[in-house]
Structures are given as structure tokens and as C-alpha cells.
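Listed below, chain by chain, are the residues.
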Amino acid sequence: MKNHNKFIILLLCTLFYTNIVHGQQGKSVDFSKALKVGDTFIAPKQVQLMRGVESSIDWKTLKNKVVLLDFFSTSCGTCIQIMPHLQELEQKHPDKFKVIVVTAHDKATLEKFFETNAYLKKHKVNLPIIYADRYFHELFPHQTEPHGILLYQGKVQAITGSGSINETNILELYADKTIDLPLKDDYGKGSLLDQMDDVKTAVKAGVIFSGYQDGVPYQAWTFEKDSLTGLHKSSVYNTTLYSALLSLTTRAKIKDSSYIPRMERVIWKVKDSTQYYDFEDEQDEWVLKNGFSYERYDIRERPDSVQARLVLADFLSFFGVKAYEGKKLMNCLVLENGPIVPYSGSLIDPMSYTSSTTFSIFTDYLHKLPPVIDRVNKNLKMQIGSYETLDELNAQLGAYGIVGKIQLEEISVLVIEEVFGE
């Protein structure tokens, strides 16, 4: 993987000497057999295979195709969601691309799963599956799925996330016999300081902004004492500007924590909002270009809310951007108390909620209706089935004495503003 780590700003005060010791990670995992990108792939002598159309796998023939080893678990929603797309891609390029699913599940578990999963049955998914696997899990250890391995010409060409497995990348790899994709390393650990050997042992305080860190898993904001330096460290890795600012305003108690803004509830006062948020759903490619990492080292420990405000000040100083809560008049779904009207219909795919607030948050997440304002604010057990219109929803809410109305309301929004020169 090429070095995509371009430092934006570095402010380090090298005032005293600190010994840094690297701890060993992943003690329970044996990395002695693990392969890396560029290593030679040695095929297993035999595998346990089910589904698909093949009774066995001819690894010699597959050497001339791009092979995806798609690590899968029945509890992984994304794994299930992408299966039809992987099968379509293979069917479109049968001479260039082959998908092989790999899982640690036993055969009985998988047979029951595929028999009962309506989504995969609807899309007629029938990919070959290597089950009860240990061999590939030893070669490619990981903690999260989906986990994709691309093999070609007898080499490991990529260890990456599902967002990089697309037609463009498959055809590029097939034609060029090499490709540069983001590395998925679940055992990687971010440390911007480690990359500066000349100063890392003499740091007393400082701030580092950096670009995307290859092979480092995403990490949300963490405020903790750093065991290596003894300093108080604020850090985030491979995140977006939008999510970083959103989290910081909440922790700094600048934004109400009771809602996560949908895009209707974000006001962009910036030159190019696509640098902040992945509007086109380009996944790995977008994060590779626009993702960033950050570390701040302080001598003093502060309350999280105070520390978050200091970090926000760093964003204003170095990026020229600030985030704060504002107000906007817009259509909202307002939940209010109403008469109890028994529901006589049958619930389709019902979900249970413990309060009107929980229901409001989930309804907001579905994006079927405008942003929700909960004026009921009751702790009550509810069961609400699927719906397509407000009338269908209200018919169910009536059983709990709740009615939803769409009306203009002034609602809290997150404002992201570029303020250069402030």
C-alpha cells in the first residue's frame, strides 16, 4: 500500500525525554502463519465445500482469475447484503472473477441459515462456501467481517473491506496484475507519534493532524492517559470531518445529545461539503482520500467536555472550521398525546420499543418521514410493525394514545462553518 499519510499540521514541543515501549498486541492470535499483501498463496490440500455448482475447487485453474475469499458470518448484516452483488459480478465476468465464501460455521448451521433467510432466497444466492474453516482463518486473521482477500496469479493482492470489492477494482487487478487498495488490518493500532522517530521519545505536549492511516481500524474519539508517553491523549483514527465534529459537539455539550442529525438537520456553510461527508456512498475510496487522523498530547487531565472544546479549537485553528448548534424552520413529524384507539390490524415484522423516545430515534433513522419531535416523552412498551405512510403509522400509534402530525417547527440543527481568518 502506498503511503497516504500526508501530515497537515504538526505542533510538537520537545521539552523532555520519555521512554516509549511498544506493547505486544493480539496475544491470543497466532500470526506466524498470517500472509500479507504480496505474499505467495499456497492452496489448501482439501476443504469442506457446500452450495455453489462445484463439487471441489481447482486452485490451479483459478490462478488465472481474480479470486475473492469472502469471509462471512451469519450475524454479519453487511455480509448478507453484499452476497447478491458479488454473485452478479461473478456472473458478469465468469472468465475473470470468482467468489468463494469462507466461514467458521458448521454445515448444519449454514443449511438452516440459508433455508430461512428470505433475502438470499429471493436473490437466488448460490455461492460456493468453504465451511468449518481453520486454514484460511490462520492465513488471514481478522476480528470483523466482511473481510475480503483478493488472490491473483498465485499472490495475495489485497486484504481489504467490502467497499473496495467492485467491478472497477476487479477489472483493474485483472488487467494490471496488481492493485493498490486500502488495507484492512483489524489488529493495527493508530499512532501518529510512532511515525516520527526523531521526536517521539522527547514529547511533552503537542497536536498532530494526519491523513488516512493505512491498515489502522477506525477508532472513535478516545480521551485517555497514554501508557507510552504518560501524557493525556485525545485521538481519533480514519474518520470523517463530519463525524468527528458531530461527536465533539455532543461531548462538548454544544449540541443536544438526544438526536443524531440527518442531512436535513445539517447546515453546510463550507466551500465543498463533499470533503466532510461521503454523499455518493463511495466507501473505501472516499475515506482513503478524505479520511483523517488526529492526536493531541496534554500534560493536564481535563473533563471530557472541556477537552472536547479544546479539540474543537484545534479544528478551528488548523482547518478553519467550527461546528455549533443552530435552529431551522422545517417540516417535522411531531408526536403528541391523543385518544387511545385500539388497533385491529395485524402487525407485519413488529419491533418492540421501551419508550416513545426510543421509537422516535429509530423512526428518524428510517428516513421514511420528516425528522421527529417527541412531545409524548413516555416510558411505555410499544410494538410497531412496518408501515409506508403516516396514516398507517398513526393507526398503530393510536393503540398507545399517540398521534403523529407533520407540521412546520423550529428544530435544532448542526451548523458546520468554515471561518478562515477568525
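First, a word on what this report is: a plain description of the structure on this page. (Residues numbered from 1 in each chain as written. Predicted model: local features only at pLDDT ≥ 70, side-chain atom pairs only at ≥ 80, totals over all residues. Heavy atoms only, no water.)

Describing the nonpolar core
Threshold: Throughout, nonpolar core names a set of buried Ala, Val, Leu, Ile, Met, Phe, Trp, Tyr and Cys residues whose side chains join them through atoms within 4.5 Å. Classification of residues uses two cut-offs on accessible area relative to the type maximum, computed with a 1.4 Å probe and protein chains only: under 20% is buried, over 50% is exposed, and between them is partly exposed. The way it works is that DSSP assigns letters per residue, a run of H or I at least four long becomes a helix, a run of E at least two long becomes a strand, and they are numbered from the N terminus. Residue contacts are defined here by distance: any two heavy atoms, one from each residue, within 4.5 Å place the two residues in contact.
Residues Phe 72, Met 83 and Leu 150 are the most contacted members of the largest nonpolar core, which totals 30 residues. Residue assignment for this core shows that the elements contributing at least two residues are strand S3 (66-71), helix H2 (77-92), strand S4 (97-102), helix H3 (107-116), strand S6 (147-152) and helix H6 (167-176). Broken down by element, the residue count for this core peaks at 6 residues, all from H2. Beyond its immediate sequence surroundings of up to four residues, Phe 72 is in contact with Cys 79, Ile 80, Met 83, Val 101, Val 102, Thr 103, Leu 110, Phe 113 and Glu 145. In this structure, Val 236, Ala 244, Phe 315 and Ile 416 belong to the second largest nonpolar core, which totals 26 residues.

Focus on empty space enclosed by the protein
This is how it is decided: Put plainly, a pocket is an open set of points on a 1 Å grid over the protein atoms alone with protein on both sides within 12 Å along at least five of seven lines, a cavity is a set where a 1.4 Å probe fits but cannot get out, and a lining residue has an atom within 4 Å of a point. Grid points are joined across faces, edges and corners, and a volume is the space filled by probe spheres set on the points. Note that Gly is not counted as nonpolar here; it falls among the polar residues with everything else outside the nonpolar set of Ala, Val, Leu, Ile, Met, Phe, Trp, Tyr, Cys and Pro and the charged set of Asp, Glu, Lys and Arg.
Per the stated rule, a full pass over the model turns up 1 cavity of 30 Å³ or more. There is about 50 Å³ of room inside the largest cavity. Secondary structure elements with two or more residues in the lining of the largest cavity: S3, H2 and S6. Residue composition of the lining of the largest cavity, by class: 5 nonpolar, 4 polar and 1 charged.

A short note on the sheet that holds strand S2 (residues 49-50)
The condition that has to hold: Two strands qualify as a pair provided DSSP detects at least 2 bridges between them. Axis lines are fitted through C-alpha atoms, for helices just across the contact stretch, and the angle between N-to-C directions can take any value from 0 to 180 degrees.
A sheet is described by the order of its strands in space; here 6 strands give the open sequence S2-S5-S4-S3-S6-S7, paired in mixed fashion. Each edge of the sheet is formed by a strand with only one pairing partner; in this case those strands are S2 and strand S7 (155-160). With 2 bridges connecting them, S2 and strand S5 (residues 129-130) associate as antiparallel partners. Paired with Leu 49 across the two strands is Ile 130, which belongs to S5. Strand contacts of H2: S3 and S4, with the helix running at about 150° to S4, the strand carrying the most contacts.

Some words on the state of the cysteines
Put simply, the test is: A pair of cysteine sulfur atoms is labelled a disulfide when the two atoms are within 2.5 Å.
Within the structure shown, the criterion is met by 1 disulfide. Each disulfide pairs two cysteine sulfurs, and for Cys 76 the partner residue is Cys 79, the sulfurs being separated by 2.3 Å. The sign of the 85° torsion about the S-S bond sets the Cys 76-Cys 79 disulfide as right-handed. Each of the two residues, Cys 76 as well as Cys 79, counts as buried.

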